[in-house]
Amino acid sequence: MLFRSFIAGLFALVSPHAFAAAAAPTKPVKIVLGYTPVAETVAAYAALKEGYFREAGLDVQFLLVNNSAILANSLVAKSIDVASITPSVFLQAVDNGIDFTAFTGSAIASGRHTGGVIVREGVNVKGPQDFIGKKVAVSGLRSATHIEFVNWLEENNVDPKKVRFLEAPFPAQQDLLKSGSVDATLSIDPFLTRTVNAKVAHVVTWLSDKIPLDTSLVFFAGRGEWVKQNPAIVKAFRAAVTKGIAFVDANPAKAHDYRSEEHTSELQSHLNSYAV
């Protein structure tokens, strides 16, 4: 996938000109960024590691959660300030009357194979019909991968209600496959590649290549009131992430290392050493 700023395309996305006149923070401002363990957030992590957030006057604390639905609830509860959220979860929240504002993006669909349906070795699943009666792990119901999978089933005349879904975070899905607790998972990189390379499962279909090119995959959002009240912070955050995107595009090997580091338990232990 490509990492670049996604400034337009959704009705709730704020124009970059809205914060053009905002002054930069005069001292480091602490904000909490909630994120999910997906490759699309690596630009923000690069901004942290390369010091771009600090240069912009921000002390950004990262908080890892299992899926975007939790991020939406965390924004509402004010336990985080910014969320790296998927369009599906964002739009569901807005449709339910929640005031969220997306103010910058992180990644767009490029047609590369980064997410798909993987089936445990030994399980006889070759096509959509074979998923009837099977147990499938998904990071969250109504998440982006869940919606993509349901659409794929319906396009092939399979009733999604005949599939048994189980919510499980991406890092735990490989163990569920190994133990036989589930037959398949809706996975994304880096977890998908790790599981396939370990010969625990194989890919039945890719979901990522079913997304229209240049579609926003993840963007950063906050509560509408918070975004309006903190134009300088939003401007600084956008500038730092933009630098992070440029770094990732120019340094793919380092970006790969950051992506792996971003999801380690050691890192999360460090990031959770503060009270949210």
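This one's a predicted model, so the numbers in the text were calculated from it and none came from an experiment.

*Asks:* What should I look at first to understand the overall build of the protein in this one?
*Replies:* The secondary structure content of the protein amounts to 11 helices and 10 strands. The 276 residues of the protein split such that 55% are buried. Sequence separation of at least 24 residues holds for 82% of the intrachain contacts in the protein that already meet a minimum separation of 6. Carbon together with sulfur atoms contributes 52% to the accessible area of the protein, which is approximately 12,300 Å² in total.

*Asks:* Before we go on, may I ask you to explain the pairing of strand β5 (residues 115-120) in this structure?
*Replies:* Regular strands show a simple pattern: their side chains alternate between the two faces of the sheet. Counting buried positions along β5 gives six out of six residues, so the element sits mostly inside the fold. Strand direction decides the pairing type here: β5 and strand β8 (residues 184-188), joined by five bridges, are antiparallel. Looking across to β8, one finds that V117 is bridged to L186. For β5 and strand β9 (residues 201-206), the ladder comprises five bridges, and the chain directions are antiparallel. Of the residues in β9, the one forming a bridge with G116 is W206.

*Asks:* What's the story with the side chain of D189 in this structure? I'm lost.
*Replies:* Here D189 shows up in the loop between β8 and α7 (191-197). On the basis of relative accessibility, which here comes to 17%, the residue D189 falls in the buried class. At 2.5 Å, the side chain of D189 forms a polar contact with the side chain of T193.

*Asks:* So what exactly am I meant to see when it comes to the environment of G122 here?
*Replies:* Assignment of secondary structure puts G122 in the loop between β5 and β6 (135-138). Owing to a relative accessible area of 81%, G122 belongs among the exposed residues under this scheme. Taking the C-alpha atoms as reference points, G122 and D183, 61 residues apart in sequence, are found 9.3 Å from one another.

*Asks:* Looking at this structure, I do not really get the nonpolar core. What am I missing?
*Replies:* Where a protein is soluble and globular, its nonpolar side chains tend to be buried together. If you look at the biggest cluster of nonpolar residues, it comprises 31 residues, and the most contacted ones within it are F53 and F237. Put simply, the parts of the chain that give this core at least two residues each are β1 (29-35), α1 (42-49), α2 (52-55), β2 (58-64), α8 (224-229), α9 (231-250) and α10 (252-262). Ranked by residues supplied to this core, first place goes to α9 with nine residues. When near neighbours in sequence (up to four residues on either side) are disregarded, F237 contacts I31, L33, F53, L58, V82, F103, T104 and F220. With 16 residues, the next largest nonpolar core counts V32, L75, A83 and I85 among its residues.

*Asks:* Would you explain the environment of F237 in this entry?
*Replies:* Take F237: it is sitting in helix α9. Residue F237 is classed as buried on the basis of its relative accessible area, which comes to 1%. Between the C-alpha atoms of F237 and L58, which are 179 residues apart in sequence, the distance is 7.5 Å.

*Asks:* Can you walk me through the pairing of β1 in this structure?
*Replies:* Burial analysis of β1 places five of its seven residues in the buried class, which makes it a mostly covered element. Summarising the sheet, β1 and strand β3 (residues 82-85) pair through two bridges and their orientation is parallel. Paired with L33 across the strands is V82, a residue of β3.

*Asks:* Can you walk me through unusual backbone geometry in this structure?
*Replies:* Most peptide bonds are trans, and most residues other than glycine sit at a negative phi. Omega for the bond connecting D189 with P190 falls within 30 degrees of zero, at 10°, which places this linkage in the cis form. Within the fold, P190 resides in the loop between β8 and α7. Phi angles above zero are rare outside glycine, and K78 is one such case at about 65°. Structurally, K78 is set in the loop between α3 (68-77) and β3. With relative accessibility at 56%, the residue K78 sits in the exposed group. Phi at K199 is positive, roughly 60°, even though this residue is not glycine. By the element assignment, K199 lies in the loop between α7 and β9.

*Asks:* Explanation requested: the pattern of salt bridges in the structure shown.
*Replies:* Opposite charge on two side chains makes pairing possible when the charged atoms of those side chains draw close. For the coordinates displayed, the defined rule picks out three salt bridges. For E55, the salt bridge identified is with K243, shortest N-O distance 3.5 Å. Taken together, the residues E55 in helix α2 and K243 in helix α9 connect sequence positions 188 residues apart. With a closest N to O distance of 3.0 Å, D183 and R120 form a salt bridge. Here D183, found in the loop between α6 (170-179) and β8, pairs with R120, found in strand β5; they are 63 residues apart in sequence, far enough to count as distant. On the basis of relative accessibility, which here comes to 16%, the residue D183 falls in the buried class.

Reading the values: rules and limits
- Residues numbered from 1 in each chain as written.
- Predicted model: local features only at pLDDT ≥ 70, side-chain atom pairs only at ≥ 80, totals over all residues.
- Heavy atoms only, no water.
- Helix = DSSP H or I, 4+ residues; strand = E, 2+ residues; numbered from the N terminus.
- Buried < 20%, exposed > 50% of the residue type's maximum accessible area, 1.4 Å probe, protein only.
- Contact = heavy atoms within 4.5 Å.
- Areas by Shrake-Rupley, 256 points an atom, 1.4 Å probe, with all protein chains shown as cover.
- Pairing = 2+ DSSP bridges.
- Polar contact = N/O pair within 3.5 Å; in protein donor to acceptor, adjacent residues only side chain to side chain.
- Core = buried A, V, L, I, M, F, W, Y, C linked by side-chain atoms within 4.5 Å.
- Salt bridge = Lys/Arg side-chain N within 4 Å of Asp/Glu carboxyl O.

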